[in-house]
Amino acid sequence: MKKKASKSPARDLPFEIFTWSQVRDEVKAPGNREDDSDRVLVLTGNVVMPHDLGLDFHQGIFALDDEDEPPFTGLIVRGDLTVEGCVLNWENDFGPFLQVHGNLVAKRIAIGGARLHVSGDLTTEDLVAVYNHGSVSVGGKLKARTLASHYSFKVAGAVDAHRYLGQDSKVFAVAGGVEDVKDPYEGKGVFVPSVVRDGRVDLEKVRARLAAGKPVARDAFTSIREAFRQLVAKKLADPDKVKSLTLEDKALTSLPEELFLFRKLEKLNLRRNNLRVLPEELGQLTELRELDLHGNRLLELPESIGELKKLRSLDLSYNCLWRLPESLAGCVELRRVNLINNPHAYVRLAFGSWRKVQLMFDFPEVLTRLPKLEVLTFEGTPLRTLPTRRFDSTTLSKATVLWSLVTHMDPELHDQLQVDVERSREKAAAHIGYWFKPENVRLESFYDAKADRYDFAEVLALLALLLRINIPTAAPYDAALEKFRVQSQEIARHLDWDGDKPRHVHALFGALRDALGTLGEPYPGDALIAGLRDVFAARAG
């Protein structure tokens with residue numbers, strides 16, 4: 001049985017009210033554990049809403065006149081729906097469903113945990129879907145200027161949009177359902193600066209701007225390739241004349257294809273960008289003499305590096321390299337290699353997770369096979385081993401391994417190297433100060449407030465990494481234990497700044513203490529493990 005809705009939720013539109021049990025079979029949006037007595041609003045015919053449409057429980061059209069009445073759990077439109085404002089949902093974990101039997105046209109759509117099902121086409125200017133608890137299903141086509149989401153949509157028809165899926169900094173133009181993977185965009189080339197941080201689009205900020213009626217997209221979009229063309233437009237007119245190219249501080253996250261048109265390039269400066277990988281096409285620049293990659297976030301070098309037979313200088317300082325390819329031996333003219341500070345401070349950001357971090361513990365022996373090597377510099381790189389063979393180069397004048405984890409050397413085998421073994425204990429303990437700190441052990445990194453649930457996987461991965469660095473390098477561990485004590489105090493202070501959240505401190509340090517049982521198995525009887533139990537137990541309560 002149906003009845004007219006009261007004026008409060010109706011907003012002067014001809015809503016009807018049904019129970020969930022009456023419309024359950026009609027609803028195509030995913031369920032949200034509705035009770036049979038829950039209520040659903042229904043509009044019949046084509047509807048125009050000259051305002052925003054809110055999709056949050058107990059608010060707007062879903063507000064209750066009487067708190068004892070069953071809640072409104074969704075809205076069905078049996079026809080087309082036009083929203084001249086924003087379809088807006090603030091709650092990330094859940095929200096009422098919106099089901100449109102016809103087409104949906106909205107000025108803007110900004111949702112979190114709400115569930116949206118459109119049987120026909122969906123057309124909007126900008127669409128953002130925050131977090132991953134909501135759902136969007138479209139039976140026809142989806143057309144938007146920008147589409148930003150933490151999850152993929154189900155769209156039966158073609159998609160037309162500049163689409164950002166939240167996994168990295170790339171935006172792809174999609175036309176007729178076909179994604180143009182050859183001409184990607186960075187977030188900053190599509191979205192306004194205020195919603196882009198470290199190359200990633202902040203979907204929460206996008207939603208807030210859409211809710212306020214503010215633009216989230218630039219007037220004109222610029223792809224990575226086009227941005228590069230603008231930088232080097234004059235040089236591209238005759239690329240074979242270009243011998244030197246400087247792309248320093250350009251916030252590049254990838255190298256555009258046009259770079260490899262400069263086949264006569266001898267010097268390439270890519271200092272202080274955001275490169276994590278280099279394409280195999282790098283090997284096409286066979287005339288390169290100098291390659292400067294200082295201050296990026298590189299994890300590895302491409303195998304094609306060995307094709308650079310004329311390369312003389314390679315600056316890899318301030319990256320996050322954990323290995324060098326064997327193909328580097330092909331760089332037979334290489335004289336200078338700089339490996340200072342690998343990893344750089346942004347190690348977790350570069351790898352994406354503490355669980356994925358890998359460090360250069362082993363000396364890359366490929367360096368010993370460079371026949372003309374003159375200067376090799378390791379400093380601040382956590383090498384634990386030295387090469388097992390002598391350098392082939394007869395011109396090696398300076399080879400340093402400083403501020404490392406190396407504890408001993410063979411005076412005869414390693415007489416070509418300057419190694420500072422006395423500071424290995426200090427270096428190992430220093431990593432605790434670098435990484436075991438409040439910025440890396442924030443409450444949101446291990447606690448989901450909405451679900452009231454802890455997940456210590458990332459923190460425990462960080463602890464495991466620090467143990468691997470410090471054992472056995474730093475024995476007898478006095479400095480390491482003191483660092484852990486000091487940093488634990490700082491972390492606890494930040495977690496319970498107001499003195500009203502001690503349970504989070506107790507839970508964190510209890511988990512760290514308990515994890516030492518498993519993490520300590522590779523180090524039976526180790527004094528650091530024993531000392532850490534006391535440090536963490538003191539905070540566990």
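Before reading further, recall that the structure is shown in the block above.
Residues numbered from 1 in each chain as written. Predicted model: local features only at pLDDT ≥ 70, side-chain atom pairs only at ≥ 80, totals over all residues. Heavy atoms only, no water.

Draft legend 1. Region of interest: the overall build of the chain. When its secondary structure is counted, the chain shows 12 helices and 30 strands. With the C-alpha coordinates aligned to their principal axes, the bounding extent of the chain is approximately 95 × 70 × 35 Å. Across the 541 residues that make up the chain, the buried fraction comes to 51%. For the chain, contacts bridging at least 24 residues in sequence account for 47% of all contacts bridging at least 6. Of the accessible surface of the chain, which amounts to about 24600 Å², a share of 48% is contributed by carbon and sulfur atoms. Averaged over its 74 positive side-chain charges, the chain has a centre that lies 4 Å from the centre of its 78 negative ones. (Helix = DSSP H or I, 4+ residues; strand = E, 2+ residues; numbered from the N terminus. Buried < 20%, exposed > 50% of the residue type's maximum accessible area, 1.4 Å probe, protein only. Contact = heavy atoms within 4.5 Å. Areas by Shrake-Rupley, 256 points an atom, 1.4 Å probe, with all protein chains shown as cover. Lys, Arg positive; Asp, Glu negative; His and termini not counted. Charge placed at Lys NZ, Arg CZ, Asp CG, Glu CD.)

Draft legend 2. Broad picture of the packing of helix H8 (residues 424-435) against helix H10 (residues 478-495). Running from N to C, H8 and H10 cross one another at 10°; their axes reach a closest spacing of 8 Å. When the interaxial angle is binned, H8 and H10 end up roughly parallel. Contact residues: Ala429, Ile432 and Gly433 in H8; Ala479, Ala480, Lys483, Phe484 and Gln487 in H10. Partitioning the contact of H8 with H10 into residue classes produces 5 nonpolar, 2 polar and 1 charged. (Axes fitted to C-alpha atoms, helices over the stretch in contact; angles between N-to-C directions. Parallel < 35°, antiparallel > 145°, perpendicular 65-115°, else oblique. Nonpolar A, V, L, I, M, F, W, Y, C, P; charged D, E, K, R; others polar.)

Draft legend 3. The arrangement of the pattern of salt bridges in detail. For the coordinates displayed, the defined rule picks out 34 salt bridges. Salt-bridge contacts for Glu287 lead to Lys310; the nearest nitrogen and oxygen are separated by 2.9 Å. Taken together, the residues span a long stretch of sequence, with Glu287 in the loop between strand S22 (267-269) and strand S23 (290-292) and Lys310 in the loop between S23 and strand S24 (313-315) at a distance of 23 residues. Across the pair Glu458 and Arg355 runs a salt bridge whose closest N-O atoms are separated by 3.0 Å. (Salt bridge = Lys/Arg side-chain N within 4 Å of Asp/Glu carboxyl O.)

Draft legend 4. Summary view of the nonpolar core. Ranked by size, the top nonpolar core spans 53 residues in total, and within it Leu324 and Leu367 carry the most contacts. Among the secondary structure elements, those contributing two or more residues to this core are strand S25 (336-340), strand S26 (375-379) and strand S27 (398-402). Residue contacts for Leu324: discarding those within four places in its chain leaves Leu301, Leu316, Leu339, Met360, Pro364, Val366 and Leu367. Counting residues in hydrophobic clusters, the runner-up holds 48 residues, among them Trp354, Leu462, Ala492 and Leu495. (Core = buried A, V, L, I, M, F, W, Y, C linked by side-chain atoms within 4.5 Å.)

Draft legend 5. Representation of the side chain of Thr368 within the structure. Here Thr368 is to be found in the loop between helix H7 (347-351) and S26. Reaching out from Thr368, the side chain makes a polar contact with the backbone oxygen of Glu365 at a distance of 2.6 Å. Here Thr368 is in contact with Phe363, Pro387, Arg389, Arg390, Phe391 and Asp392, once residues within four sequence places are set aside. (Polar contact = N/O pair within 3.5 Å; in protein donor to acceptor, adjacent residues only side chain to side chain.)

Draft legend 6. Broad picture of helix H4 (residues 203-211). When H4 is considered as a whole, its buried residues turn out to be Leu203, Val206, Arg207 and Leu210. The arc that holds every buried residue of H4, seen down its axis, measures 100°, which confines them to one face. The inward-facing, buried residues of H4 abut strand S7 (81-88), strand S9 (104-111), strand S11 (122-129), strand S13 (142-149), strand S15 (159-164) and strand S20 (200-201). N-cap assignment for H4: the residue whose side-chain oxygen lies 3.1 Å from the backbone N of Glu204 is Asp202. A positive phi of about 75° marks Gly213, the residue just after H4. (Arc of directions from axis to C-beta.)

Draft legend 7. Local environment of the sheet that holds S22. The strand order S21-S22-S23-S24-S25-S26-S27-S28 describes an open sheet built from 8 strands, whose pairing is parallel. Single-partner strands in this sheet number two, and they are strand S21 (244-246) and strand S28 (418-419). Relative to S27, S26 runs parallel, the two sharing 5 bridges. Bridging across to S27, Thr377 finds its partner in Thr400. (Pairing = 2+ DSSP bridges.)

Draft legend 8. The arrangement of a negative patch on the surface in detail. Where like charges cluster on the molecular surface, the negative patch consists of Asp65, Asp66, Glu67 and Asp68. Positionally, Glu67 belongs in the loop between strand S5 (53-54) and strand S6 (72-78). (Patch = residues over 30% accessible without salt bridge, like charges linked within 9 Å, V, L, I, M, F, W, Y side chains within 5 Å.)

Draft legend 9. Seen up close, the environment of Lys427. By the secondary structure assignment, Lys427 is in helix H8. Among the residues examined, Lys427 registers a relative accessible area of 3% and is labelled buried. For the pair Lys427 and Leu370, spaced 57 residues apart in sequence, the C-alpha to C-alpha distance is 28 Å. Aside from chain neighbours lying at most four places away, what touches Lys427 is Gly380, Trp403, Ser404, Leu405 and Tyr434.

Draft legend 10. Structural detail: unusual backbone geometry. A cis amide bond links Asn342 to the next residue, Pro343, at an omega of 15°. Checked against the element boundaries, Pro343 lands in the loop between S25 and H7. Each neighbour pair has its own omega, and for Ile471 with Pro472 the value is 0°, a cis peptide bond. Here Pro472 shows up in the loop between helix H9 (457-470) and H10. Of note, the phi angle at Arg33 is positive, near 60°, even though the residue is not glycine. As for its placement among the helices and strands, Arg33 is situated in the loop between helix H2 (20-23) and strand S3 (39-44). Phi is positive for Tyr131, which is not a glycine, with a value near 65°. Relative to the helices and strands, Tyr131 resides in the loop between S11 and strand S12 (135-138).

Draft legend 11. Local environment of the side chain of Glu34. Here Glu34 shows up in the loop between H2 and S3. A residue is classified by how much of its surface remains accessible, and Glu34, at 12% relative accessible area, is buried. For Glu34, the side chain forms a polar contact with the main-chain nitrogen of Asn32, separated by 2.8 Å. There is a polar contact of 3.3 Å between the side chain of Glu34 and the side chain of Thr73.

Draft legend 12. The packing of aromatic side chains, seen in detail. Under the criterion given, the structure shown has 15 aromatic pairs. Pairing Trp354 with Trp435 gives two aromatic rings, centres 5.4 Å apart and planes at 55°, and the pair type is tilted. Taken as a pair, Trp354 in the loop between H7 and S26 and Trp435 in helix H8 lie far apart in primary sequence, 81 residues in all. On the numbers, 5.3 Å between centres and 25° between planes, the contact of Phe446 with Phe456 is stacked. (Phe/Tyr/Trp six-rings, centres within 6.5 Å; stacked < 30°, edge-to-face > 60°.)

Structural measurements only, silent on function.
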